[in-house]
Amino acid sequence: MLIVAIPKSASTSLMKTLSNLHKIPSSQAKLHYFSSPIATKLLHSYHSDMRELSEEYVDNLKTQHMSHIFKQHIPPTGNNLRLLKEIKKVVLLREPRQIIESYYRAEIRKSHPTRKEFENCSTVEAWLQTAEKNGLLSDVSWFFNEWLSESERHPQTNLVIDYSQLTLEPQKVINSVESYFDLPVSETVVLRKERYSRIPVILNHIHRIGWQLKVRRLGKK
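Residues numbered from 1 in each chain as written. Predicted model: local features only at pLDDT ≥ 70, side-chain atom pairs only at ≥ 80, totals over all residues. Heavy atoms only, no water.

**Overview of the sheet that holds strand β2 (residues 26-27)**
Hydrogen bonding along the main chain pairs the strands of a sheet, whether they run parallel or antiparallel. Inclusion rule: Pairing between two strands is assigned when DSSP locates at least 2 bridges connecting them. Segments assigned H or I by DSSP are reported as helices when at least four residues long, segments assigned E as strands when at least two residues long, and all are numbered from the N terminus. Contacts between residues were defined by any pair of non-hydrogen atoms, one from each residue, lying within 4.5 Å. Think of each axis as a best-fit line through the C-alpha atoms, taken over the contacting stretch in the case of a helix, with angles from 0 to 180 degrees between the N-to-C directions.
As summarised here, the arrangement of the 5 strands in space is β2-β3-β1-β4-β5, forming an open sheet in which the pairing is parallel. Either end of the sheet is taken by a strand with one partner, and the two such strands are β2 and β5 (158-162). Relative to strand β4 (residues 89-93), strand β1 (residues 2-5) runs parallel, the two sharing 4 bridges. Note that in β4 the partner of valine 4 across the bridge is valine 91. Strand contacts of helix α7 (residues 136-153): β1, β4 and β5, with the helix running at about 140 degrees to β4, the strand carrying the most contacts.

**Here's the deal with unusual backbone geometry**
Phi is positive for lysine 23, close to 55 degrees, though the residue is something other than glycine. Along the polypeptide, lysine 23 turns up in the loop between α1 (11-22) and β2.

**Observations regarding the side chain of glutamate 52**
Rules: Note on classification: 1.4 Å probe, protein chains only; a residue is buried when its accessible area is under 20% of the maximum for its type, exposed when over 50%, partly exposed between these limits. This count recognises Lys and Arg as positive and Asp and Glu as negative, with His and chain-terminal groups excluded. Salt bridges are counted wherever a side-chain nitrogen of Lys or Arg sits within 4 Å of a carboxyl oxygen of Asp or Glu. Under the rule applied, a polar contact is a pair of N or O atoms within 3.5 Å (in protein, one hydrogen donor and one hydrogen acceptor; residues adjacent in sequence only if both atoms are side-chain atoms).
Inspection of the secondary structure puts glutamate 52 in the loop between α2 (43-46) and α3 (55-63). For the buried residue glutamate 52, which engages in no salt bridge, the nearest side chain bearing the opposite charge is arginine 82, 8.1 Å off. Of note is the side chain of glutamate 52, whose polar atom sits 2.8 Å from the side chain of threonine 77. With residues near it in sequence (within four places) discarded, glutamate 52 still touches Phe34, Ser35, Ser36, Pro37, Thr77, Asn79 and Asn80.

**Some details on the packing of aromatic side chains**
Filter applied, for reference: For this analysis, a ring pair means two rings from Phe, Tyr or Trp (six-membered ring only for Trp) whose centres lie within 6.5 Å, classed as stacked if their planes differ by under 30 degrees, edge-to-face if by over 60, and tilted for the remaining angles. Consider the ring centre and the ring normal. A charge sits over the ring if Lys NZ or Arg CZ is within 6 Å of that centre and within 35 degrees of that normal.
This structure, assessed with the given rule, holds 6 aromatic pairs. Residues phenylalanine 34 and tyrosine 57 carry aromatic rings whose centres are separated by 6.1 Å and whose planes lie at 75 degrees to one another, so their mutual orientation is edge-to-face. With a gap of 23 residues between them, phenylalanine 34 in the loop between β2 and α2 and tyrosine 57 in helix α3 connect regions that are remote in the sequence. Look at phenylalanine 118 and tryptophan 127: their rings are 3.9 Å apart centre to centre, the planes differ by 10 degrees, and that puts the pair in the stacked class. Comparing phenylalanine 118 with tryptophan 127, the two get one shared label, buried. Ring pairing ties together the aromatic residues Tyr33, Phe34 and Tyr57, which thus form one cluster. Of note, arginine 115 hangs over the ring of tyrosine 46, and the distance from its end group to the ring centre comes to 3.9 Å.

The structure is reproduced here in structure tokens:
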């Protein structure tokens, strides 16, 4: 089973919750030995699996498709979309500006290496402004938009779920993932908290306006 996740979307929580519920091993591979996508300016330097995949790697995904849960930040390059086109996958997305805010909070908590590109930024507003200038926001927006478009083109092999729904309604969302992968539907679901921080509900609603309806429509196809 493959989870394609935009960064900072509670994807580790989703992966480990599913793994625990169904006693299926799970992992996120470091793919730094593959080439970086030319479409990104910074994002590939933050995540070692933001890489161009090989046919051999994808063949391995196929052979373990129902015996292992894979979670990766796979960039939506032409090569990757072609290789993964026939594989059923969950596509976990989050509104791009929320992701920049999450990077900022991680910086404050010192839960990742200091980002030199933001060394003079002491507020979330400064991070957002700098992310617009240095390309990080455009990287995240590209990931979001291209995977959303791919899911719209091929809804039969892409189940779109969104971060806000996952964190606010984990039972509903994880049950939909289980049904999609033909797993037994769990009666009780508690989302594991792994490397993510939930923002206030009101902010989730503000950021979701204008795009979440589209995600929900895709999920119903």
